[in-house]
Amino acid sequence: MNRFIWALRHEIALHLRNLMVIAMAVAGSMMLFRMLPWIQSVQVFNVWSTFPAVTIITGVIITAGIFQELRSPGHRIELLLRPASVLEKVGAKLLVSTVLFWLLMTLAHLAVSVVAALLYRLAGGDAPLVGFFNEGYWLVMALETMPDFLPVQALFFFGAVYFRKNPAGRTMLSLVGWLSTYVVAGVVALRFIFAPYFPGDGRFGHRHIPGFEMGGDHGLQLDGQVWREIVPGIFQNPELLYNLLRISVVLVFWALAFLRFRETEG
Amino acid sequence: MTDTMTAKVIAGLEGVRFGYPRRKPLFESLDYRIRSGGVVGLLGKNGAGKTTLLKLISGVLFAQAGQVTLFGDPAEQRRAATLARISYIPEQFEVPQIRLREYITVQAGYFPRFDRQMMERFLQRFEVPGNEYLSELSFGQQKKVLIAAALATGAELVILDEPTNGLDIPSKQIFRRMVAEAAGDNRTVIISTHQVKDVENLIDPIVVLDEGRIVLDATMEQITSGVAMRRFATEAEAEQAGALAVESYLGTAVALVPATAEGGEPLSGALDLELLFHGAVTRGAQLQAACGGVA
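To keep things clear, this report deals only with the structure shown in the data block. The structure displayed is predicted, hence computed values, not measured ones.

1. Brief notes about the sheet that holds strand S4 (residues 65-70) of chain B
Residue and element names in this part refer to chain B. Pairing is antiparallel in the open sheet, where 4 strands are placed in the order S2-S1-S4-S5. Of all strands in the sheet, those with a lone pairing partner are strand S2 (27-35) and strand S5 (73-74), marking the two edges. Here strand S1 (residues 9-18) pairs with S4 via 5 bridges, running antiparallel. Among the inter-strand pairings, Glu14 is bridged to a residue of S4, identified as Gln67.

Below is the structure:
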C-alpha cells in the first residue's frame, strides 16, 4: 500500500500541473463561449450542460497521453523499472486519468461558474444565480458523467499502453474498424442467414416471427417480442444490460492494459 | 573488500539468446554472472551489446531463450521488491517534469534505504542548483542529478550506462570519487563505457564484451598478476615475446604480455586499459587464460 501511495504521488507530481491547466482552459473556454450572447444582452447561462461532452473528449486526450513515458526510450526504462508492481503503476495512472482528472474538471467548472455568476452581477444581471450552477445540481451532473466517461476512458487507456505511436488516433481508428466489422458482419448475417424470416424478399421464402419484421417501407421493426421470447427475464431490462456492458468494457480493457503493460519491454 | 570472484551472485545470465527484429542475433548463448561488491567495468566496442546486456540484466528486455535472474528472481518479472534493489541510469535518459526536491522525495519513498544526506552531499559536490525543474537543467546537470540519486538510493545494484558522457572534466573526477565512496561489499556498481580513461583506477573487475561473448572477466588482481606492460624496441620483438596487444609510441613498442613472458623493459604505473581492451578483443582466449579469470 505504501508503494502504491508513492506511485500515485509520483504520477500526481508528473501530471497535476498539466491537468490543472487543461481543466481550467477547457472550463474557461466554455464560459467564454457561453458569454458571447452577452454582447447583446446579459443573461444567465449554464456551463454545466456541456460538462459531460467536454469531460469525455478531454478525458480521451488525457488518457491517450497518460503512458507518454512509453513513447520515449529514456522515460520508458524509468517507468518499467520504477520500484512498484505493475498493478500499482497502472493503478496510479488509472486514478490520475479518471478520478483526479474528473475532480479537476469539476473544480474548474465550479470555479468558472462562480466567476460567471460574479460577472453577471457586475454586469447588472438580477436573475437568480442558481442557473449558473445547473439549478443546484452541478454535482449530480458531474457524478453522472463518470459512468459514461469510464467505458470510453478504458478503451483509450488500453490504446495508450498498446500503441507506441499516436495512441489516440490509432485507438480511434481501431474502434472504427472494429465497429465496422460488426456492422458488415451484421448486414451479411441479416441478408443471408436471417432473410427468410423477413417479409419482402421472395427469394428465400418467408418464415414470419411475430413482431420482427423487415422489408417493404417499414425498415427494421423490432418491437421487443423476439427478445422477450429468447432471453431470460433478468436480461430484459435494457438499463441493466447497458450497465453490464459498460462495466464489462471497463473491466476488460483495464485488465488488458494491465496485461499489456506487464509484457512491455524497453 | 570481498574477493569479487567468491562473492555471492546477484544476477546471472544462462544460455541467453537475444536479437533485435530483422537483425543478426546479438547473443546466441550468453553466460555471465555478476557478483556482489565492486565496480564492474563493462567495456566493449560501439554496438557490442553492452546496453542490451544491461537491459537484460535489469529486466527491461526479455531473453528469447535461456534465463536471466536478478536477486534470485526471473528478471523479466520486474517484481517491485526486486526493482527496489536496483537503480539504472540509461545512456539515453529523459528527466521527469518535476522539481528537484520533489524528485528526491519520490525517490526516497520508493527506496527504503535512500540516503538523503548522501544525495545532498553529491549534489553539492556537483554544484547542482537548488530546486529547479529537472527539465530546465542542462543535460550535464540532469545527468549529475540522476547519478547522485542512483548512488543515494541504497540499491544493491547500480547500473550506469555511459555515465561520463556529457560530464565536464572536473565532474568526471567528482564522479569517480563518488562511485568509489558509494560502492562497497554489499553494493555492486556496473559502469558500461567505451571511454575507459574516464573510469581508470575505478573499475574492478573488468568485463569485456565482444561479438556477443564475454571475452574477459577478471579482477584487477588477476589481471595484474597475469599480464604485464613492457616496452620493446619494435613491434616484431614484442610479438615474439608473446604480446597480447601492442601499441607503438615514439619509436618504441609498448606491449601487454603474459607475466611469464621474457624480454622487454618492464613499465611501472597503472595498467593501460585501452591496451588491455585491445588485447581482449583480439586475443581474448589467451588473455583470459593468462589472467585465469572466469569468462
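Still to come is the rest of the account.
2. Overview of helix H8 (residues 238-262) of chain A
All names here are of chain A. The end-to-end C-alpha separation of H8 is 36 Å, in line with the 36 Å expected for 25 residues at 1.5 Å each. Three or more residues of H8 are buried, namely Arg246, Val250, Phe253, Ala257 and Phe261. Against the buried residues of H8 lie helix H3 (73-80), helix H4 (86-122), helix H5 (138-162) and helix H6 (167-192).

3. Considerations on helix H10 (residues 284-291) of chain B
All names here are of chain B. Within H10, burial applies to Gly284, Leu287, Gln288 and Cys291. When H10 is viewed along its axis, its buried side chains cluster within an angular range of 100 degrees and face the same direction. Away from its buried face by more than 90 degrees, H10 exposes Ala285 and Ala289. Along its buried surface, H10 packs onto strand S10 (213-218), helix H7 (220-226), strand S11 (227-232), strand S13 (252-258) and helix H9 (273-282). Gly292 sits one or two positions beyond H10 and adopts a positive phi of about 65 degrees.

4. Re the pairing of S1(B)
As defined by bridge partners, S1(B) adjoins S2(B) across 6 bridges and the pair is classed as antiparallel. Each bridged residue has a counterpart across the sheet, and for Val16(B) the counterpart in S2(B) is Leu30(B).

5. What to know about the packing of helix H3 (residues 100-110) of chain B against helix H4 (residues 116-126) of chain B
Residue and element names in this part refer to chain B. Running from N to C, H3 and H4 point in directions that differ by 145 degrees, and their axes come no closer than 11 Å. Considering the relative orientation of H3 and H4, their crossing is right-handed. Contact residues: Leu100, Arg101, Ile104, Thr105 and Ala108 in H3; Arg116, Met119, Glu120 and Leu123 in H4. Considering only residue class, the contact of H3 with H4 consists of 5 nonpolar, 1 polar and 3 charged.

Rules of the game
- Residues numbered from 1 in each chain as written.
- Chains lettered and ligands numbered in written order.
- Predicted model: local features only at pLDDT ≥ 70, side-chain atom pairs only at ≥ 80, totals over all residues.
- Heavy atoms only, no water.
- Pairing = 2+ DSSP bridges.
- Helix = DSSP H or I, 4+ residues; strand = E, 2+ residues; numbered from the N terminus.
- Expected span 1.5 Å × (residues − 1).
- Buried < 20%, exposed > 50% of the residue type's maximum accessible area, 1.4 Å probe, protein only.
- Contact = heavy atoms within 4.5 Å.
- Arc of directions from axis to C-beta.
- Axes fitted to C-alpha atoms, helices over the stretch in contact; angles between N-to-C directions.
- Left-handed = near helix turned anticlockwise from the far one by under 90°.
- Nonpolar A, V, L, I, M, F, W, Y, C, P; charged D, E, K, R; others polar.

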